[in-house]
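Each chain, written out:
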Amino acid sequence: MPTNILMPALSPTMEKGNLAKWLKKEGDKVKSGDVIAEIETDKATMEVEAVDEGTLAKIVIPEGTADVPVNQVIAVLAGEGEDVKAASASAAAAPPQAKPQAQVAPPAAKPAPQPQAAPVQPASSAPAPAAQDGNRVFSSPLARRLAKGAGIDVSRIQGSGPHGRVVARDVEAAQSGKGLKAPGAAPGAAYVPPAGPSDQQIRALFADGSYDVVPHDGMRRTIAQRLTQSTQTIPHFYLTMDCNIDRLMAAREEINASAPKDKDGKPAYKLSVNDFVIKALALALQKVPNANVNWTEAGMLKHKHSDIGVAVAMPGGLITPIVRKAETKSLSTISNEMKDFAARARARKLKPEEYQGGTTAVSNLGMYGIKDFTAVINPPHATILAVGTGEQRPIVKDGKVEPATIMSVTLSCDHRAVDGALGAELIGAFKALIENPVMMVV
């Protein structure tokens, strides 16, 4: 006999909810574990899963309807082999009492046999509409039970429900080896941002044939997910300083000129401005150790060494290899290490341990002539230094205007871990070092 799908109670105190969206339409086949609707309360959005198989015979409460009472019939499910039309007629046995947000008339009542009522399976609540919050992976209770029974870590399963939520069919796919993430993948890397306009809505703005669709690869998706997560979960603030790098440029020229050469005349190293930037930031973190941290909910991770990530552009995206213990390394060692990292990054040959971790990062667009910019913090870092080009600008010295090579830098800070005064102290320490390069080689 047909089954009534009822408005679930999402909490012990819930009396009403809003039926935000139907994810199945009348006539659709439904399997146990399929997400069929989204229900909103004032604090969360939850998904409703079917617990039986069959055909969605009738949607009683249209999407967009507000204040639907708990246990109100919202739809009717016809079982296998049942007459869908007859099941649809049974919906009239429990006419809707809810107030629709839009002007949608409820179906007219007809006498019909009272169908058997069966509860639906609400999925875990989450701040609407993201599928993941920090290190928590959102999944339905049924999916979690199935995953536990199959011995599969639910955080490894790629969700196919709305906004990336893991549902029962994903667990079934995972049991056959499909849709599994790498064992070492961090849950945060699977973050799915709140939905914006759909692909169809965006494409509708442009004439057919006026564009080509270039599918996203894994790197581009990961960049999009992590940086969207960063801007939504990390409270950024920005500090900018201008640095006079005349002494640095002179020291760089002198050091490069004195580099030993091999039998073919190739120098053992060739320092770049960015090598000085990496070293200066590493030493600045040692001078301001309270900024050499990562934020966690349990407490601050305060690091003993300066592990500096350096953004490297590559086809289709970028990657951030880490110069470990950069404060202990010479400028020539940093330079050669970065050249090796850059070459292997562009060939996609870096090992995970070479680009995971770190406490801060450097993003340098100076070679493109960019004067200044702000960079997005790459979790779990607490800061990132955006470096602009070095250019001739007039400065006032001893009451006289004279030219100098000025480089603007902007420090993005995670306000949870680094307060304004602390960030100012860190960028000030960096400025003192970058303007006096002798302090980096003694």
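All values derive from a computational prediction rather than experimental measurement.

Overview of the environment of V30
By the element assignment, V30 lies in strand 3 (residues 29-30). Judged by relative accessible area, which is 3%, V30 ranks as buried. Here the alpha-carbon distance between V30 and A50, two residues 20 residues apart in the chain, equals 7.2 Å. The residues touching V30, leaving out its near neighbours within four places in the chain, are K24, I36, A50, D52, E53, G54, L56 and L77.

Quick word on a nonpolar patch on the surface
Residues I202, L205 and F206 make up a contiguous nonpolar surface patch of about 330 Å² in total accessible area. Structurally, I202 can be placed in helix 4 (residues 199-203).

Quick word on the packing of aromatic side chains
Enumeration over the complete set of coordinates arrives at 1 aromatic pair. Consider the rings of F206 and Y211, whose centres lie 6.5 Å apart with planes at 75°: the pair is edge-to-face. On the basis of relative accessibility, which here comes to 47%, the residue F206 falls in the partly exposed class. We classify Y211 as partly exposed; its relative accessible area is 30%.

Considerations on the nonpolar core
V277, F430 and I434 are the most contacted members of the largest nonpolar core, which has 54 residues in total. Examining the composition of this core, we find that 10 residues originate from one element, helix 7 (residues 273-287), more than from any other. The residues contacting F430, other than those within four sequence positions of it, are C243, V277, A280, L281, A284, L385 and V409. The next biggest cluster of nonpolar side chains, apart from the first, holds 24 residues, and it includes L56, I59, V73 and L77.

Some thoughts on the pattern of salt bridges
Enumeration over the complete set of coordinates arrives at 11 salt bridges. For R393, the salt bridge goes to E391, with nearest N and O atoms at 2.9 Å. A network of salt bridges, in which partner residues are shared, links K24, D34 and R169.

With respect to the environment of V273
In this fold, V273 is placed in helix 7. Measuring from C-alpha to C-alpha, the distance between V273 and G390 comes to 9.2 Å, with 117 residues separating the pair along the chain. Setting aside residues no more than four positions away along its own chain, V273 makes contact with L248, M249, R252 and M407.

Quick look at the packing of helix 7 against helix 8 (residues 331-346)
Remark: helix 7 packs on helix 8, axes separated minimally by 9 Å, with the N-to-C direction vectors making an angle of 115°. Classified by chirality, the crossing of helix 8 by helix 7 is right-handed. Two secondary-structure elements touch here, helix 7 through D275, F276, I278 and K279 and helix 8 through L331, I334, S335 and M338. Here the contact of helix 7 with helix 8 is built from residues that sort into 5 nonpolar, 1 polar and 2 charged.

Here we look at helix 8
Helix length check: helix 8 (16 residues) gives 23 Å between terminal C-alpha atoms against 22 Å at 1.5 Å per residue, within 8%. Taken as a whole, helix 8 has its buried residues at L331, I334, S335, E337, M338, F341, A342 and A345. Contacts from the buried residues of helix 8 go to helix 7, strand 17 (308-310), strand 18 (312-314), strand 19 (317-319), strand 20 (322-323) and helix 9 (352-355). Phi for R348, located one or two positions after helix 8, is positive at around 55°.

Observations concerning the side chain of T410
Note that T410 resides in strand 23 (residues 400-414). For T410, a relative accessible area of 3% gives the class buried. For T410, the side chain forms a polar contact with the side chain of T240, separated by 2.8 Å. Setting aside residues no more than four positions away along its own chain, T410 makes contact with Y238, L239, T240, F373, T374, I384, L385 and A386.

Parameters at a glance
- Residues numbered from 1 in each chain as written.
- Predicted model: local features only at pLDDT ≥ 70, side-chain atom pairs only at ≥ 80, totals over all residues.
- Heavy atoms only, no water.
- Helix = DSSP H or I, 4+ residues; strand = E, 2+ residues; numbered from the N terminus.
- Buried < 20%, exposed > 50% of the residue type's maximum accessible area, 1.4 Å probe, protein only.
- Contact = heavy atoms within 4.5 Å.
- Patch = residues over 30% accessible without salt bridge, like charges linked within 9 Å, V, L, I, M, F, W, Y side chains within 5 Å.
- Areas by Shrake-Rupley, 256 points an atom, 1.4 Å probe, with all protein chains shown as cover.
- Salt bridge = Lys/Arg side-chain N within 4 Å of Asp/Glu carboxyl O.
- Phe/Tyr/Trp six-rings, centres within 6.5 Å; stacked < 30°, edge-to-face > 60°.
- Core = buried A, V, L, I, M, F, W, Y, C linked by side-chain atoms within 4.5 Å.
- Axes fitted to C-alpha atoms, helices over the stretch in contact; angles between N-to-C directions.
- Left-handed = near helix turned anticlockwise from the far one by under 90°.
- Nonpolar A, V, L, I, M, F, W, Y, C, P; charged D, E, K, R; others polar.
- Expected span 1.5 Å × (residues − 1).
- Polar contact = N/O pair within 3.5 Å; in protein donor to acceptor, adjacent residues only side chain to side chain.

Any functional reading would require information that these geometric values do not contain.
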